Amino acid sequence: MSKILLCRDVGFDCDAICRGNTDEEILSQAAQHAQQEHGIQDLTDEIVNKVRGAIREE
Ligand SMILES: [Zn+2]
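Keep in mind that this is a model prediction, so the values were computed, not measured.

**What about helix 2 (residues 23-38)?**
Among the residues of helix 2, those classed as buried are D23, I26, L27, A30, H33 and A34. Take helix 2 and look down its axis: the buried residues cluster within an arc of 130°, on one side only. If you follow the buried residues of helix 2, they end up packed against strand 1 (3-6), helix 1 (7-10), strand 2 (17-20) and helix 3 (45-54). Among the residues trailing helix 2, G39 stands out with phi positive, at a value near 65°.

**Let's talk about empty space enclosed by the protein**
Over the atoms rolls a probe the size of a water molecule, and in doing so it shows where empty space is left. Inspection of every chain in the model, using the stated rule, returns one cavity of 30 Å³ or more. Roughly 100 Å³ of internal volume is contained in the largest cavity. Lining the largest cavity are L5, C7, V10, F12, C18, A30, A31, H33, A34, L43, I47 and V51. Contributing elements (two or more residues each) for the lining of the largest cavity: helix 1, helix 2 and helix 3. With four residues, helix 2 is the single largest residue contributor to the lining of the largest cavity.

The rules behind the values
- Residues numbered from 1 in each chain as written.
- Predicted model: local features only at pLDDT ≥ 70, side-chain atom pairs only at ≥ 80, totals over all residues.
- Heavy atoms only, no water.
- Buried < 20%, exposed > 50% of the residue type's maximum accessible area, 1.4 Å probe, protein only.
- Helix = DSSP H or I, 4+ residues; strand = E, 2+ residues; numbered from the N terminus.
- Arc of directions from axis to C-beta.
- Contact = heavy atoms within 4.5 Å.
- 1 Å grid on protein atoms, 1.4 Å probe; cavity = no way out; pocket = protein on both sides within 12 Å on 5 of 7 lines; lining within 4 Å.
- Points joined across faces, edges and corners; volume = space filled by probe spheres on them.

Shown next, in the form of structure tokens:
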């Protein structure tokens, strides 16, 4: 069972989707994506919590 995260669900106007088998995998992808696409250097606890809340089973 894989998990997905829609960037849009975290609050960005963005169609990117992160996929992974675990929350940690998705978080690391999301961190990279946020840095490259949204100029966010550090994921704050607030963002990490938002991301975790937005991850869903595919
Ligand atoms: Zn995005």
